[in-house]
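So the chains spell out like this:
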Amino acid sequence: MSEKEIALRARIRDWNASASSLRIAAGLCFLAALLLNAMTPYLSDDYYYMFSFATDERIRTLGDIVPSMVSHATFANGRLVSHSLEQAFLLLPKAVFNVCNSAVFLWLMLSSYTVCNVGKKRSTLIFAVIVMCFWNFVPVIGPVCLWQVGAINYLWAVAFCLFFLRPYLALYFGPTEERWFRIPQRLWSRLLFLAAAFLFGMYSEITSAVGVLLAVGILLCSGREKRAGQRWLWLPILLAVIGYGVMLSMPAEHLKQGSFALRELLRRIPDVASVMREDFGVLSAAWIVFMVLAAGCGVPWFRRLASLGFALGGLAGNFILIAAEYYPDRCKITAAYFLILACCILLPDLLESSCALACRAAVGLLTAVFALNLIAGVGDIGSAWYQQRKLEAQIAQALENGEREITLSRVYYSTPYSPFYEMKDLDRFDPDEWPNRFIARIYGFDRVYGTDPVAED
């Protein structure tokens with residue numbers, strides 16, 4: 001190896017371990033998320049949640065949200081925490097949510113990096129790999145990360161889950177210089193965490209259940225000596241379980257549950273199992289390969305055990321849907337996320353082992369696929385944004401002309417990265433159906449008609 005090659009490799013290592021490099025990567029991640037959020041309009045349920053479920057009148061104040069959520073729990077679903085947040089954000093300019101959602105996404109990526117790189121030197125590469133995996137392997141990115149009500153219900157649920165797991169992971173990995181791994185010590189901080197644990201239990205039927213299971217598993221795997229000094233950590237789990245029970249006790253939740261008859265459960269198992277093959281086959285295969293390499297290359301047992309735990313969390317996030325009446329693509333984010341963590345927590349050690357060359361090749365392949373998906377996804381999001389801009393101009397012109405009815409074209413999309421992917425942005429048949437009637441009330445029309453996407457001349 002020549003001196004130039006040696007010097008180049010040294011510069012790359014220095015750049016990878018530089019705090020400035022990581023800050024630049026994090027800043028670019030935030031700005032990209034903010035741009036994509038800014039290109040995402042209100043759609044579908046966003047218009048629905050602008051109105052009270054109790055009175056069918058426009059939500060005007062925070063006080064209007066309380067009776068709205070009481071009615072929501074009766075015939076919509078029991079996720080009162082997330083949908084209260086949705087109605088609160090709809091009182092504010094869309095730009096406020098764009099910034100908050102981008103911040104939540106960045107926090108999730110940085111926190112995931114901190115967990116996966118615990119005990120290792122700073123690595124911008126590991127952070128980039130996590131971001132690329134998220135973009136490549138989470139199904140329907142647009143509806144779960146950009147669409148406002150979808151992001152609050154799914155992306156924020158995963159971020160809340162990692163926040164809930166934070167003290168348990170800190171206990172498991174032990175003392176570390178990373179400030180992220182901290183267990184609440186003061187009474188006020190513990191009380192706040194207990195309140196957050198209860199709200200987390202009420203947040204999501206899928207992610208909250210997975211979070212509770214992982215917390216129990218991590219606590220049990222942390223060792224008796226560590227648990228002895230932090231017995232209070234059983235309390236947040238108990239409160240999360242209570243919160244979960246409160247959510248499931250809501251009348252509307254019984255409408256969503258599938259039959260628990262043995263015949264029906266057995267019938268749904270193949271459907272849910274097929275999701276592991278079709279949507280998570282690559283991630284699952286990568287995890288198996290990484291675990292075999294980790295065992296052969298001497299990756300510490302506690303990292304392999306953590307990887308196994310995250311993989312089991314991913315499986316739980318998928319197979320819990322056996323209890324549901326149907327399996328929307330939006331619900332797949334929890335399984336995808338924990339499978340990504342299961343793979344990425346092994347990567348720092350593998351890149352320092354005799355398997356480094358094969359892992360670098362895998363990262364190179366991941367980067368190439370990410371580049372293609374990024375171009376396709378951003379292009380599709382941009383196309384939807386352009387179409388929406390034209391629709392808004394059409395609406396403004398119709399209002400200026402004093403028209404009382406309008407026909408709008410549905411937005412065309414081609415990839416799951418579009419926030420419009422498999423979403424009902426307009427009803428094509430009945431102007432009095434959802435969401436047309438709410439869109440009409442927002443803009444001041446008597447009726448809004450929908451048509452299929454119309455190609456330009």
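Here we summarise the structure given alongside this text. (Residues numbered from 1 in each chain as written. Predicted model: local features only at pLDDT ≥ 70, side-chain atom pairs only at ≥ 80, totals over all residues. Heavy atoms only, no water.)

1. Describing helix H10 (residues 187-201)
Between its terminal C-alpha atoms H10 stretches 21 Å, which fits the 21 Å expected from 15 residues at 1.5 Å a residue. Ser189, Phe193, Leu194, Ala196, Ala197, Phe200 and Gly201 are the residues of H10 that are buried. All buried residues of H10 lie within an arc of 165° about the axis, which places them on one face of the element. Residues of H10 that are exposed and angled more than 90 degrees away from the buried face: Leu187, Trp188 and Leu192. In this structure, the buried side of H10 is in contact with helix H9 (148-173), helix H11 (207-221) and helix H13 (234-248). (Helix = DSSP H or I, 4+ residues; strand = E, 2+ residues; numbered from the N terminus. Expected span 1.5 Å × (residues − 1). Buried < 20%, exposed > 50% of the residue type's maximum accessible area, 1.4 Å probe, protein only. Arc of directions from axis to C-beta. Contact = heavy atoms within 4.5 Å.)

2. Describing the state of the cysteines
Under the defined criterion, the tally for this structure stands at one disulfide. Across the disulfide from cysteine 297 sits cysteine 355; the S-S distance is 2.4 Å. You can see cysteine 297 sitting in the loop between helix H16 (281-296) and helix H17 (301-319) and its partner cysteine 355 sitting in the loop between helix H19 (347-350) and helix H20 (356-400), a full 58 residues away along the chain. Accessibility expressed as a relative area gives 23% for cysteine 297, which makes it partly exposed. On the accessibility criterion, cysteine 355 (12% relative accessible area) is buried. In this structure cysteine 133 is a free cysteine whose sulfur lies 4.3 Å from that of cysteine 344, the closest cysteine sulfur available. Looking at cysteine 133, the relative accessible area reads 8%, which means it is buried. Cysteine 221 takes part in no disulfide bond, and the closest cysteine sulfur, belonging to cysteine 161, lies 16 Å away. (Disulfide = S-S within 2.5 Å.)

3. Examining the nonpolar core
Phe127, Phe134, Phe164 and Leu169 are the most contacted members of the largest nonpolar core, which has 115 residues in total. If you tally residues by element for this core, the top one is H9, at 19 residues. Leaving out residues up to four positions away in the same chain, phenylalanine 164 has contacts with Phe193, Ala197, Phe200, Gly211, Val212, Ala215, Pro236, Ile237 and Ala240. (Core = buried A, V, L, I, M, F, W, Y, C linked by side-chain atoms within 4.5 Å.)

4. Concerning empty space enclosed by the protein
Empty pockets left among the atoms are what a rolling probe the size of a water molecule brings to light. If you walk through the whole model with that rule in mind, you get one cavity of 30 Å³ or more. Estimated volume of the largest cavity: approximately 140 Å³. For the lining of the largest cavity, the elements supplying multiple residues, two or more each, are H20, strand E1 (405-409) and helix H21 (436-443). Ranked by residue count, the leading element in the lining of the largest cavity is H20, at three residues. Class assignment of the residues belonging to the lining of the largest cavity gives a composition of 11 nonpolar, two polar and one charged. (1 Å grid on protein atoms, 1.4 Å probe; cavity = no way out; pocket = protein on both sides within 12 Å on 5 of 7 lines; lining within 4 Å. Points joined across faces, edges and corners; volume = space filled by probe spheres on them. Nonpolar A, V, L, I, M, F, W, Y, C, P; charged D, E, K, R; others polar.)

5. Quick notes on the side chain of asparagine 117
Within the fold, asparagine 117 resides in the loop between helix H6 (94-116) and helix H7 (124-137). Leaving out residues up to four positions away in the same chain, asparagine 117 has contacts with Arg122, Ser123, Ile126, Arg303 and Pro348.

6. Observations concerning the pattern of salt bridges
Oppositely charged side chains may form a pair once their charged atoms are brought near each other. This structure, assessed with the given rule, holds 13 salt bridges. Two residues, lysine 332 and aspartate 329, come together in a salt bridge whose shortest N-O distance is 2.7 Å. Taking the relative accessible area as the measure of exposure, lysine 332 reaches 6% and is therefore buried. Connected via shared salt-bridge partners are Lys120, Arg303, Asp349 and Glu352. (Salt bridge = Lys/Arg side-chain N within 4 Å of Asp/Glu carboxyl O.)

7. What to know about unusual backbone geometry
Following tryptophan 434, the chain continues into proline 435 via a peptide bond in cis, with omega recorded as 0°. Relative to the helices and strands, proline 435 is located in the loop between E1 and H21. Backbone geometry places serine 44, a non-glycine residue, at a positive phi of 55°. Tracing the backbone through its elements, the reader meets serine 44 in the loop between helix H2 (19-38) and helix H3 (45-48).

8. A look at the pairing of E1
Across five bridges, E1 lies against strand E2 (residues 447-451) in parallel orientation. Pairing of leucine 408 across the sheet is with glycine 450, part of E2. Since E1 and E2 lie parallel, the crossover through H21 that links them has a hand, and here it is right-handed. (Pairing = 2+ DSSP bridges. Right-handed = clockwise from strand over helix to strand, strands pointing away.)

9. Looking at the side chain of aspartate 427
Secondary-structure assignment places aspartate 427 in the loop between E1 and H21. Judged by relative accessible area, which is 10%, aspartate 427 ranks as buried. In this structure the side chain of aspartate 427 is engaged in a polar contact, spanning 2.9 Å, whose partner is the side chain of lysine 424. Separated by 2.8 Å, the side chain of aspartate 427 and the backbone nitrogen of phenylalanine 429 make a polar contact. Look past the residues within four positions of aspartate 427 in its chain and what remains in contact with it is Glu433, Trp434, Pro435, Asn436 and Gly450. (Polar contact = N/O pair within 3.5 Å; in protein donor to acceptor, adjacent residues only side chain to side chain.)

10. Concerning H11
Helix length check: H11 (15 residues) gives 21 Å between terminal C-alpha atoms against 21 Å at 1.5 Å per residue, within 8%. Within H11, the full set of buried residues consists of Thr207, Ser208, Ala209, Val210, Gly211, Val212, Leu214, Ala215, Ile218 and Leu219. Turning to H11, the residues buried within the fold contact H9, H10, helix H12 (224-228), H13, H17 and helix H18 (333-344).

11. A look at the packing of aromatic side chains
For the coordinates displayed, the defined rule picks out 28 aromatic pairs. On the numbers, 5.6 Å between centres and 50° between planes, the contact of phenylalanine 164 with tyrosine 168 is tilted. Placement of both phenylalanine 164 and tyrosine 168 in helix H9 is noted, with a separation of four residues, approximately one turn of the helix. The pair formed by phenylalanine 164 and tyrosine 168 is uniform in burial state, with each residue classed as buried. Through a chain of ring-to-ring contacts, the aromatic side chains of Phe160, Phe163, Phe164, Tyr168, Phe193, Phe200, Tyr203 and Trp232 assemble into a single cluster. (Phe/Tyr/Trp six-rings, centres within 6.5 Å; stacked < 30°, edge-to-face > 60°.)

12. Some details on a positive patch on the surface
Among the surface-exposed residues, Arg9, Arg13, Lys121 and Arg360 lie close enough to one another that they form a single positively charged patch. Within the fold, arginine 360 resides in helix H20. (Patch = residues over 30% accessible without salt bridge, like charges linked within 9 Å, V, L, I, M, F, W, Y side chains within 5 Å. Areas by Shrake-Rupley, 256 points an atom, 1.4 Å probe, with all protein chains shown as cover. Lys, Arg positive; Asp, Glu negative; His and termini not counted. Charge placed at Lys NZ, Arg CZ, Asp CG, Glu CD.)

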